[in-house]
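Close look at the chain arrangement
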Amino acid sequence: MAQLLSFRVYLSAETQKASSESFKRTQKTRKPFSPDRRGPVAPSRKPQNLNLEVSPHRAVSAVRLMRIEYGGAFADLLNEKGKGSGSNEMSYVERTIGFRTRDLDDRDLRLVTDVVGGTIRWRRYLDHLIGSLCHNERTFRNMEPLLLQILRIGVYEIIKRDMPPYAVVDENVRLAKVSLRPGAGDFVNGILRKLVSLKEKDALPLPKVEGDDRAQARALATLHSHPVWMVRRWAKYLGLDEATKLMTWNNNDPGFSLRANTGRGITRSDLVERLNSLKVPHELSLHLEEFVRIKTGLQIVVQAGLLKEGICSVQDESAGLIVSVVKPQPGERIMDACAAPGGKTLFMASCLKGQGMIYAMDVNEGRLRILGETAKSHQVDGLITTIHSDLRVFAETNEVQYDKVLLDAPCSGLGVLSKRADLRWNRKLEDMVELTKLQDELLDSASKLVKHGGVLIYSTCSIDPEENEGRVEAFLERHPEFSIDPVTSFVPSSFVTSQGFFLSNPVKHSLDGAFAARLVRA
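Residues numbered from 1 in each chain as written. Predicted model: local features only at pLDDT ≥ 70, side-chain atom pairs only at ≥ 80, totals over all residues. Heavy atoms only, no water.

The name given to the protein in an unreviewed UniProt entry is 16S rRNA (cytosine(967)-C(5))-methyltransferase, with the source organism recorded as Arabidopsis suecica. In UniProt, the protein has this text filed under Catalytic activity (unreviewed entry): "cytidine(967) in 16S rRNA + S-adenosyl-L-methionine = 5-methylcytidine(967) in 16S rRNA + S-adenosyl-L-homocysteine + H(+)". The protein has a UniProt comment under Subcellular location (unreviewed entry) that states "Cytoplasm". (UniProt positions renumbered as here; feature names shortened; annotations may be inferred.)

Structure follows, in structure tokens:
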């Protein structure tokens, strides 16, 4: 488990997971739609032999999409072999559709990653097209989950991947017939062939961006596949053009950054040498000397064991720049108040040069345990002390104070939607009120742990002003003993806002969105 943390570094935003109970409720409330039904919707099957007729990547993708939407699985969680759901993948496939496919090769794995991520990102857009091609809205609303996933995959491959259309039709029809029943395959055939015809005529039934603000937001939400509330919120804060650019960024294939583990003496040159030997294309970070950017080849890096061996971590440069804002110095005692999954903790520890201590606190004991194990592989475990506690409770019961306190607060994650394909559908407008309330409480608690003359660093992986500047302004009104310390001397000027805060803009900087403020206690 320890080696997984290095890949989970960028998953800092919390997601609202659907429980297995929600899948059961969905099955009960969604009336099964069965075109030309020749059998029960969810027939109980005995395990069948290996099925070599069905496309493996489509079968696995359909099942993984079911698990993500109804079972709370993370869309982007890979195991050390890069197989997403680990060694149990095929058992999930067999339990869901009644048979196993052949094992996935590297090409299949890449296709599954693309199809699953793309289908999730474009879900609203795909559903609009599917619904438009159904006989009526009720047909779409009552469609059984597996049939809907198969259709989404087919529409995504035809519209967004430009795969040979009739091959896509045939393969998805076969999957529907074998996993459901012949009538389901006929239905898929009718929908997808109609779609191909409309695409060839350049006559896809898409909404036009016109009318009042609400109507334009709804149209843009469909065309760019985002929740309407996000589109309206971004239009309010950024303007319609910038909001559209942001959604386009979120829908692009994400790039990743690797951080050389300087804590165990690995330099960026060492990491580059390993990447060259693996023939992974890369470029050096323009902002941080420990970081390397890669657009493709992450699966190769994982399979080669670079994360497991502690050679490097997957960490976005925006997170690294937040550590630059903290500027850990040898000998300092630094509290990382919401530490898990631990990417910033590990980076800060590597900056201490063997002197000082990072106190990593989190409410999740299991994730703290993984952090501790990963610290050993990174050879910085002697510089990290884990504390299992809620920050609010700890601050009330402990008088100890620290040179610096980093509060990387739970947030909406609206800055990392390009990497977290499923997050846009798991966030609700109501979450923002609850999150800002929690952020205020955590800021008040964190401030108690800062020594006089010390620094409180507040950070998020959000681009939302209410979670960022709004929380800092409200905090300073409650705590006049703190003042803003501009980040000008800690990060490149293009990241510094007019108020002296750090802000990473996905469109402007081609990085995850992130925010940080330095607040000095008098």
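What follows picks up the thread again.
1. A word on the nonpolar core
In this structure, Ile 130, Met 143, Ile 150, Leu 151, Val 155, Ile 158 and Val 188 are the most contacted members of the largest nonpolar core, which totals 54 residues. With 10 residues, helix 8 (residues 145-159) is the single largest residue contributor to this core. Not counting chain neighbours up to four residues away, the residues in contact with Val 155 comprise Leu 126, Leu 129, Ile 130, Lys 160, Leu 192 and Leu 195. (Core = buried A, V, L, I, M, F, W, Y, C linked by side-chain atoms within 4.5 Å. Buried < 20%, exposed > 50% of the residue type's maximum accessible area, 1.4 Å probe, protein only. Helix = DSSP H or I, 4+ residues; strand = E, 2+ residues; numbered from the N terminus. Contact = heavy atoms within 4.5 Å.)

2. A word on the UniProt feature "active site" (unreviewed entry) in the protein
Here the UniProt feature "active site" (unreviewed entry) sits at Cys 461. One can find Cys 461 in the loop between strand 9 (450-460) and helix 22 (469-478).

3. Looking at helix 6 (residues 123-133)
Residues of helix 6 that are buried include every one of Tyr 125, Leu 126, Asp 127, Leu 129, Ile 130 and Leu 133, and no others. Packed against the buried residues of helix 6 are helix 5 (106-121), helix 7 (137-141), helix 8, helix 10 (182-200) and helix 11 (213-223).

4. Quick word on the sheet that holds strand 1 (residues 256-260)
The antiparallel open sheet is built from 4 strands, whose spatial order is 2-3-1-4. The open sheet terminates on both sides in strands that have one partner only, identified here as strand 2 (283-284) and strand 4 (312-314). Direction of pairing for strand 1 relative to strand 4: antiparallel, over a ladder of 3 bridges. Along strand 4, the bridge assignment pairs Ala 260 with Cys 312. (Pairing = 2+ DSSP bridges.)

5. Remarks on the pairing of strand 6 (residues 357-362)
Of all the 6 residues making up strand 6, 6 are buried; the element is thus mostly covered by neighbouring parts of the structure. What you see with strand 6 is no split at all: Met 357, Tyr 359 and Met 361 on one side and Ile 358, Ala 360 and Asp 362 on the other are buried throughout. Where strand 5 (residues 333-336) meets strand 6, 4 bridges bridge the pair, whose relative direction is parallel. The residue of strand 6 that forms the bridge with Ile 334 is Ile 358. The parallel pair strand 5 and strand 6 is bridged by helix 17 (residues 343-351), and the resulting crossover is right-handed. What joins strand 6 to strand 7 (residues 384-388) is helix 18 (residues 365-377), and the crossover it makes is right-handed. (Right-handed = clockwise from strand over helix to strand, strands pointing away.)

6. Remarks on the side chain of Asn 261
Here Asn 261 is to be found in the loop between strand 1 and helix 14 (268-277). Among the polar contacts listed, one links the side chain of Asn 261 to the backbone oxygen of Gly 310, at a separation of 2.9 Å. If near-sequence neighbours (up to four positions away) are discounted, Asn 261 is found in contact with Ile 266, Gly 310, Ile 311, Cys 312, Ser 377 and His 378. (Polar contact = N/O pair within 3.5 Å; in protein donor to acceptor, adjacent residues only side chain to side chain.)

7. Regarding the pattern of salt bridges
A complete count under the given rule lists 32 salt bridges for this structure. The partner of Lys 199 in a salt bridge is Asp 162, with the nearest N and O atoms 2.6 Å apart. Linking Lys 199 in helix 10 with Asp 162 in the loop between helix 8 and helix 9 (165-179), this pair joins segments that are 37 residues apart in sequence. Residue classification places Lys 199 among the partly exposed residues on the basis of a relative accessible area of 30%. A salt bridge links Glu 309 to Arg 274; the shortest N-O distance between them is 3.8 Å. Here Arg 274 lies in helix 14 and Glu 309 lies in the loop between helix 15 (298-303) and strand 4, a separation of 35 residues in the sequence. The partly exposed category is assigned to Arg 274, whose relative accessible area is 30%. Shared partners join several salt bridges into a network, and the residues in it are Glu 69, Arg 123, Asp 127 and Arg 152. (Salt bridge = Lys/Arg side-chain N within 4 Å of Asp/Glu carboxyl O.)

8. Some details on the environment of Pro 227
Summarising the element assignment, Pro 227 is placed in the loop between helix 11 and helix 12 (228-238). The exposure class of Pro 227 is buried, given its relative accessible area of 9%. Spatially, the C-alpha atom of Pro 227 lies 8.6 Å from that of Lys 428, the residues being 201 residues apart in sequence.

9. Concerning the UniProt feature "binding site: S-adenosyl-L-methionine" (unreviewed entry) in the protein
The feature "binding site: S-adenosyl-L-methionine" (unreviewed entry), as given by UniProt, occupies Cys 338, Ala 339, Ala 340, Pro 341, Gly 342, Gly 343, Lys 344, Asp 362, Asp 390 and Asp 408 in the numbering adopted here. Looking at where Cys 338 falls in the secondary structure, it is placed in the loop between strand 5 and helix 17. For Cys 338, a relative accessible area of 15% puts it in the buried group. Within the secondary structure, Lys 344 sits in helix 17. Exposure remark for Lys 344: the relative accessible area of 12% places this residue in the buried category. Among residues more than four places away in sequence, those in contact with Lys 344 are Gln 315, Ala 319, Ile 322, Val 323, Asp 336, Leu 406 and Asp 408.

10. Things to note about the packing of helix 16 (residues 317-326) against helix 17
Taken N-terminus to C-terminus, the directions of helix 16 and helix 17 make an angle of 45 degrees; their axes are 10 Å apart at the nearest point. The angle between the axes of helix 16 and helix 17 places the two elements in the oblique class. For the element pair helix 16 and helix 17, the recorded crossing hand is right-handed. Of the residues in helix 17, those in contact with Ala 319, Gly 320, Ile 322, Val 323 and Val 326 of helix 16 are Lys 344, Phe 347, Met 348 and Cys 351. When its residues are assigned to classes, the contact of helix 16 with helix 17 shows 7 nonpolar, 1 polar and 1 charged. (Axes fitted to C-alpha atoms, helices over the stretch in contact; angles between N-to-C directions. Parallel < 35°, antiparallel > 145°, perpendicular 65-115°, else oblique. Left-handed = near helix turned anticlockwise from the far one by under 90°. Nonpolar A, V, L, I, M, F, W, Y, C, P; charged D, E, K, R; others polar.)

11. Here we look at the packing of aromatic side chains
Applying the stated criterion across every chain, the model contains 7 aromatic pairs. Judged by centre distance (6.4 Å) and plane angle (65 degrees), the ring pair of Tyr 458 and Phe 515 falls under edge-to-face. With a gap of 57 residues between them, Tyr 458 in strand 9 and Phe 515 in strand 12 (residues 514-521) connect regions that are remote in the sequence. A centroid spacing of 5.4 Å and a plane angle of 65 degrees characterise the contact between Phe 501 and Phe 515, whose relative ring orientation is edge-to-face. Residue Phe 501 is found in the loop between strand 10 (482-484) and strand 11 (502-504), and its partner Phe 515 is found in strand 12; the two are separated by 14 residues along the sequence. (Phe/Tyr/Trp six-rings, centres within 6.5 Å; stacked < 30°, edge-to-face > 60°.)

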